[in-house]
Amino acid sequence: GYLHIGHAKAICVDFGIAAAFGGTCNLRFDDTNPDTEDTEYVDSIIADVRWLGFDPPAPILYASDYFEQIYQWAEHLIAEGLAYVDDQDADTISAQRGGYGKPGVESPHRDRSIDENLDLFRRMRAGEFADGSRVLRAKIDMQHENMQLRDPIMYRIRRGHHHRTHDAWVVYPTYDWAHGQSDAIEGVTHSLCTLEFDSHRALYDWYLDHLPLTGDQPRQTEFARLELTHTVTSKRKLAKLVADGIVDGWDDPRLPTLSGLRRRGYPASAIRDFCSFIGVSRTNSRHQIELLESFVRTELNRTAQRRMAVVRPLEVVITNWPGGDEVVELGNNPENPDDGTRQIPLGGRIFIERDDFMVEPAPKYFRLAPGREVRLRGAYFLKCEGYTLGPDGDVAQVQCTYDPDTRGGNATDGRKVKATIHWVSADHALDATVALYDRLFTAEVPGEATGDPLDELNPTSRELLTGCKVEAALADTPPGQVVQFERLGYFAHDPRDHLLFHRTVGLRDEWANIQKRS
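Keep in mind that what you see is a predicted model, and the values were worked out from it rather than measured.

How each quantity is defined
- Residues numbered from 1 in each chain as written.
- Predicted model: local features only at pLDDT ≥ 70, side-chain atom pairs only at ≥ 80, totals over all residues.
- Heavy atoms only, no water.
- Pairing = 2+ DSSP bridges.
- Helix = DSSP H or I, 4+ residues; strand = E, 2+ residues; numbered from the N terminus.
- Axes fitted to C-alpha atoms, helices over the stretch in contact; angles between N-to-C directions.
- Contact = heavy atoms within 4.5 Å.
- Patch = residues over 30% accessible without salt bridge, like charges linked within 9 Å, V, L, I, M, F, W, Y side chains within 5 Å.
- Areas by Shrake-Rupley, 256 points an atom, 1.4 Å probe, with all protein chains shown as cover.
- Salt bridge = Lys/Arg side-chain N within 4 Å of Asp/Glu carboxyl O.
- Buried < 20%, exposed > 50% of the residue type's maximum accessible area, 1.4 Å probe, protein only.
- Polar contact = N/O pair within 3.5 Å; in protein donor to acceptor, adjacent residues only side chain to side chain.
- Phe/Tyr/Trp six-rings, centres within 6.5 Å; stacked < 30°, edge-to-face > 60°.
- Lys NZ or Arg CZ within 6 Å of the ring centre and 35° of its normal.
- Core = buried A, V, L, I, M, F, W, Y, C linked by side-chain atoms within 4.5 Å.
- Parallel < 35°, antiparallel > 145°, perpendicular 65-115°, else oblique.
- Left-handed = near helix turned anticlockwise from the far one by under 90°.
- Nonpolar A, V, L, I, M, F, W, Y, C, P; charged D, E, K, R; others polar.

Sheet strands pair by backbone hydrogen bonding; their relative direction is either parallel or antiparallel. Taken in spatial order, the 4 strands of this open sheet run β3-β4-β5-β6, and their pairing is antiparallel. Where the open sheet ends on each side, the last strands, each with one partner, are β3 (83-86) and β6 (171-173). Neighbour to neighbour, the strand axes of the sheet diverge by 20° on average, direction disregarded. For β3 and strand β4 (residues 135-138), the ladder comprises 4 bridges, and the chain directions are antiparallel. Bridge assignment links V85 to a residue of β4, and that residue is L136. The sheet contacts of helix α5 (residues 114-126) involve β3, β4, β5 (153-157) and β6, and relative to β3 the element is tilted by about 60°.

Okay, structure coming up:
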């Protein structure tokens with residue numbers, strides 16, 4: 001599958017600890033299941049690791065690099081009487097393992113001779129037996145309280161085509177068998193895992209303890225995985241969302257995949273800062289997604305250039321406009337004067353946001369209304385003189401006058417207005433599409449109440465607005481770059497679709513509000 005925000009934490013921990021101690025963090029793929037391996041996933045993972053800001057050492061490594069050595073070590077365990085070939089099917093083996101407080105049942109093939117086990121295992125490798133007809137199991141303890149030590153499977157027969165070894169192998173090691181041995185071959189000192197592998201550590205150590213290794217053997221250490229509210233990181237659930245067409249692929253901006261977050265405009269630096277802030281612990285916990293968004297917002301507030309866009313346009317005609325265009329100069333980023341300024345044309349027809357005008361203004365509504373003045377961002381005071389309704393009864397056009405003595409947004413007579421609104425010149429605006437996002441799941445902990453996170457999907461997680469009006473400078477925004485639409489939020493230019501913008505985060509710091517309430 002594709003990496004997600006939980007993997008981002010693991011990557012930051014792995015590379016961060018290696019850097020802190022002057023070590024090396026390997027990037028190795030566990031490609032032990034030919035049925036689920038694909039170069040698409042390999043390429044995306046490598047790209048995600050590098051985008052996140054880490055440069056894995058060359059060469060990129062694979063468990064399949066070590067298949068021959070791992071196989072020879074399996075024969076060593078057989079020769080030591082510590083592994084055997086079992087002819088039972090997977091369901092029978094699973095049932096015989098028992099459970100917590102329930103004894104295991106030894107396989108009738110557990111006491112096969114060493115010679116018979118070696119012969120059968122070699123014939124498994126040679127392809128003499130059907131898929132699933134035999135497995136190789138470690139001979140440990142079928143009554144052990146740790147279920148991982150109840151004669152775990154080491155090899156299974158599987159004729160799937162492998163993306164690297166092709167058809168050279170028909171027996172493949174399990175992850176638990178390949179994991180520690182690959183670490184040992186590479187000279188890994190510390191193998192870092194999330195807490196669900198805590199019970200696997202005894203097996204990790206058992207395998208290493210019974211192999212003819214020299215020097216210090218690797219150590220496995222576990223830490224808490226990253227979980228966020230309103231989010232699922234189960235690979236199976238994410239794959240179902242993609243396969244069922246609920247989202248538009250692995251890089252859908254609603255997904256917590258790194259490719260989805262990148263397309264939505266999350267800066268890699270903000271993700272790294274977030275992972276550093278939450279730290280490493282041995283206790284599983286769920287962090288508020290608003291905390292992650294606050295790191296994104298802080299970074300974008302500092303780096304994103306400002307632009308004006310009207311996502312639900314309402315036409316305004318300035319009836320006393322003398323004709324032609326004027327040029328308004330606006331700063332690109334008040335947080336960074338070095339970003340300079342841009343010039344924007346202003347004429348007698350503009351677009352404003354539909355909710356910046358109200359025929360009958362509500363209490364504490366200070367924007368445009370009949371007889372009321374507002375300030376146009378960087379330009380003039382604007383006063384509503386009338387409006388026109390369309391056939392549907394909605395306001396179709398607003399007529400206004402401007403005060404030429406308020407250029408720059410200040411009145412020479414000292415009068416004040418209570419609202420400043422953004423705008424786009426109608427004669428120079430570009431049509432754009434804007435995607436607004438809400439939580440993909442309505443529940444803070446998806447599936448906690450229903451048993452299935454997919455029962456709590458948000459049917460309005462995306463709103464796609466067409467016919468939005470944006471200033472012409474946005475045509476030159478590089479694909480993937482994030483800008484601030486003034487008063488609306490931060491938006492990322494889609495890397496593939498010209499003038500499609502995804503809302504990254506809004507301007508309001510929801511995390512700060514949560515902190516105040518708590």
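Here the narrative resumes.
The next point concerns a nonpolar patch on the surface. Together, V359, Y387 and L389 make up an exposed nonpolar region whose accessible area comes to about 240 Å². Given the relative accessible area of 31%, V359 is considered partly exposed.

Attention now goes to the side chain of H422. Among the secondary structure elements, H422 is positioned in the loop between β20 (420-421) and β21 (424-425). We classify H422 as buried; its relative accessible area is 1%. There is a polar contact of 3.3 Å between the side chain of H422 and the side chain of E353. Only 2.9 Å separates the side chain of H422 from the side chain of R487, close enough to count as a polar contact. If near-sequence neighbours (up to four positions away) are discounted, H422 is found in contact with M308, A309, V310, F351, I352, E353, D356, R377, E486, R487 and L488.

The next point concerns the packing of aromatic side chains. Considering all chains together, one arrives at 21 aromatic pairs under this definition. Plain terms: the ring middles of Y175 and F197 are 5.8 Å apart, the flat faces sit at 55° to each other, and that makes the pair tilted. You can see Y175 sitting in helix α6 (residues 175-186) and its partner F197 sitting in the loop between β7 (190-194) and α7 (201-209), a full 22 residues away along the chain. Overall, the relative accessible area of 29% leaves Y175 in the partly exposed class. Centre to centre, the rings of F277 and F295 are 5.4 Å apart; their planes meet at 55°, and the pair counts as tilted. Linking F277 in helix α10 (residues 268-278) with F295 in helix α11 (residues 289-303), this pair joins segments that are 18 residues apart in sequence. Ring pairs connect the aromatic residues F67, Y71, F121, Y155, W169 and Y172, which therefore count as one cluster. Above the ring of Y71, the side-chain terminus of R125 is found at 4.5 Å from the ring centroid. A cation over an aromatic ring shows up here: R262 above the ring of W51, its NZ or CZ 5.2 Å from the ring centre.

On to the nonpolar core, then. In this structure, I5, F29, L52, I271 and F274 are the most contacted members of the largest nonpolar core, which totals 42 residues. Of all elements in the fold, only α1 (5-20), α2 (39-51), β9 (226-228), α9 (258-264), α10, α11, β25 (489-493) and α12 (510-517) reach the threshold of two or more residues within this core. I271 has contacts with I5, A8, W51, L52, L261 and Y266, leaving out every residue within four places of it along the chain. Judged by nonpolar contacts, the second largest core, of 33 residues, contains Y66, F121, L136 and W177.

Turning our eyes to something else, we now look at the pattern of salt bridges. According to the stated counting rule, one finds 47 salt bridges in the structure shown. Among the salt bridges present, the one from D86 reaches R137, with a minimum N-O distance of 2.8 Å. Residue D86 is located in strand β3, and its partner R137 is located in strand β4; the two are separated by 51 residues in the primary sequence. Considered together, D86 and R137 belong to a single accessibility category, that of buried residues. The shortest N-O distance in the salt bridge between K240 and D244 comes to 2.8 Å. Residue D244 is classed as partly exposed on the basis of its relative accessible area, which comes to 45%. Among the ionic contacts, a cluster of salt bridges with common partners joins D87, R112, E116 and R134.

What follows covers the packing of α6 against α7. Two numbers describe how α6 lies on α7: the axes approach to 9 Å, and their chain directions differ by 60°. The angle between α6 and α7 places the two elements in the oblique class. Where α6 crosses over α7, the handedness of that crossing is right-handed. Within the contact between the two elements, α6 uses D176, W177, H179, G180, Q181, D183 and A184 and α7 uses L203, Y204, Y207 and L208. Its residues placed into classes, the contact of α6 with α7 shows 6 nonpolar, 3 polar and 2 charged.

Without other data, these values stay purely geometric and don't point to any function.
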